[in-house]
Amino acid sequence: MEMEANGLESNEIEKRKVGIMRVRVESEDPSAKDLDDFMIRRFLRARDLDIDKASALLLKYLSWRQAFMPNGSISESQIPNELAQKKLFMQGHDKKGRPIMVVFSAKHIPYEGNLEEFRRLVEKLRYVVYSLEKVCASMPRGEEKFIAIADIEGWGFTNSDIRAYLAALSILQDCYPERLGKLFLVHVPYVFMTAWKVVCPFIDSKTKKKIIFVENKKMRSVLLGDIDESQLPDVYGGKLPLVPIQDS
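Draft legend 1. A look at the overall build of the protein chain. Scanning the protein chain from terminus to terminus reveals nine helices and five strands. Beginning at the N terminus, the succession of helices and strands in the protein chain can be written as α-α-α-α-β-β-α-β-α-β-α-α-β-α. With respect to the three principal axes, the spread of C-alpha positions in the protein chain is 50 × 50 × 35 Å. Among the 248 residues that make up the protein chain, the fraction classed as buried is 44%. Within the protein chain, residue pairs in contact and separated by at least 24 positions form 74% of the contacts whose partners lie at least 6 positions apart. By element, 54% of the accessible surface of the protein chain is carried by carbon and sulfur atoms, the whole surface being about 13500 Å². Between the averaged position of the 38 positive side-chain charges in the protein chain and that of its 36 negative side-chain charges there is a distance of 2 Å.

Draft legend 2. Seen up close, helix α2 (residues 37-46). Those residues of α2 not exposed but buried are M39, I40, R42, F43, L44 and A46. For α2, the side-chain oxygen to backbone nitrogen distance between the N-cap and F38 is 3.2 Å, and the N-cap itself is D36.

Draft legend 3. Quick look at helix α6 (residues 162-175). Taking 1.5 Å per residue, 14 residues should reach 20 Å; α6 reaches 19 Å between its end C-alpha atoms and fits that length. All of the buried residues along α6 are A164, A168, L169, I171, L172, Q173, D174 and C175.

Draft legend 4. Highlighting the packing of aromatic side chains. This structure, assessed with the given rule, holds eight aromatic pairs. On the basis of an interplanar angle of 15° and a centroid distance of 5.3 Å, the ring pair of W64 and F68 is categorised as stacked. In this pair, W64 and F68 both sit in helix α3 (residues 51-68), four residues apart, roughly one turn of the helix. The partly exposed category is assigned to F68, whose relative accessible area is 21%. An aromatic cluster is defined as three or more aromatic residues linked by ring pairs; in this entry it consists of F43, Y61, W64, F68 and Y176.

Draft legend 5. The nonpolar core, seen in detail. Counting residues in each nonpolar core, the largest one holds 54 residues, and the members touching the most others are M21, L58, Y61, W64, F146, I171 and Y176. When near neighbours in sequence (up to four residues on either side) are disregarded, M21 contacts I40, F43, L44, I51, A54, S55 and L58. By size, the runner-up hydrophobic cluster in this structure holds 14 residues, among which are V102, I149, F184 and V214.

Draft legend 6. Local environment of the packing of α3 against α6. Between α3 and α6, whose axes approach to 10 Å, the crossing angle comes to 125°. The pairing of α3 with α6 is recorded here as oblique in orientation. Between α3 and α6, the contacting residues are L57, K60, Y61 and W64 on the first element and I171, D174 and C175 on the second. Split into classes, the residues belonging to the contact of α3 with α6 amount to five nonpolar, no polar and two charged.

Draft legend 7. Up close: the packing of α2 against α3. The contact between α2 and α3 brings their axes to 8 Å, and the two run at 120°. One way to sum up the angle between α2 and α3 is to call them oblique. For α2 against α3, the interelement crossing comes out right-handed. Here M39, I40, F43 and L44 of α2 come into contact with α3, specifically with I51, A54, L57, L58 and Y61. Across the contact of α2 with α3, the residue classes break down as nine nonpolar, no polar and no charged.

Draft legend 8. Representation of the pairing of strand β2 (residues 99-104) in the model. The element β2 is largely enclosed, with a buried count of five among its six residues. Examined bridge by bridge, strand β1 (residues 88-93) and β2 share four bridges and lie antiparallel to one another. In the strand pairing of β2, M90 is matched with M101. What sits between β1 and β2 in their antiparallel hairpin is a turn of five residues, with G97 showing a positive phi close to 90°. Looking at chain direction, β2 and strand β3 (residues 146-151) are connected through five bridges and run parallel. Note on β3: the bridge partner recorded for V103 is A150.

Conventions used here
Residues numbered from 1 in each chain as written. Predicted model: local features only at pLDDT ≥ 70, side-chain atom pairs only at ≥ 80, totals over all residues. Heavy atoms only, no water. Helix = DSSP H or I, 4+ residues; strand = E, 2+ residues; numbered from the N terminus. Buried < 20%, exposed > 50% of the residue type's maximum accessible area, 1.4 Å probe, protein only. Contact = heavy atoms within 4.5 Å. Areas by Shrake-Rupley, 256 points an atom, 1.4 Å probe, with all protein chains shown as cover. Lys, Arg positive; Asp, Glu negative; His and termini not counted. Charge placed at Lys NZ, Arg CZ, Asp CG, Glu CD. Polar contact = N/O pair within 3.5 Å; in protein donor to acceptor, adjacent residues only side chain to side chain. Expected span 1.5 Å × (residues − 1). Phe/Tyr/Trp six-rings, centres within 6.5 Å; stacked < 30°, edge-to-face > 60°. Core = buried A, V, L, I, M, F, W, Y, C linked by side-chain atoms within 4.5 Å. Axes fitted to C-alpha atoms, helices over the stretch in contact; angles between N-to-C directions. Parallel < 35°, antiparallel > 145°, perpendicular 65-115°, else oblique. Nonpolar A, V, L, I, M, F, W, Y, C, P; charged D, E, K, R; others polar. Left-handed = near helix turned anticlockwise from the far one by under 90°. Pairing = 2+ DSSP bridges.

Written out as structure tokens, the structure reads:
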């Protein structure tokens, strides 16, 4: 009974803070009136219910979104090179109803060369946003998170793209907070840890707790702990074929 009472009290505190935060954010950016309470709550939770910090993060997000997606979405015509790499897939749901994304890191091809490199970085980030928007739109009613499997098999230094990794991480943590439910890293080669050591310090504590390095010999059992065999991608011994993100 005591735990139930504490839970109800916690929910009431969140609800009250969401209301306060809404008034504050809407006073600075009227477009916030279009946001539902769940979105405001995600930003609030991402900052441990600190209204000042959460409001600042949400206002920054609204400004970013208007600049990055002036039309409200990313079209496939804006990301042809990224789609052509066929590195990201989305199909099925885990046991909690969260949609499943699968990304193959060795299919990522960095580009170098001044202006061309900058253009490709912009396209990569558009691809990240396109994918996050797709997975969020696929969530069933009442669900706010997704899970991901990052397959690192075959990854080498030619695939390393630290600048893009950090930029994508910033988008996930600052623009889509509390959306990632769990991230499984599978088939991780030792060489990948060099890149991981660079990126890891930029991952916030909440996100770190959701990342799981999976041993090859335990991969199937670990994945089946969260994903039913009927929903597990066939490349991991399940029954569901992979579906490219643009076709999902």
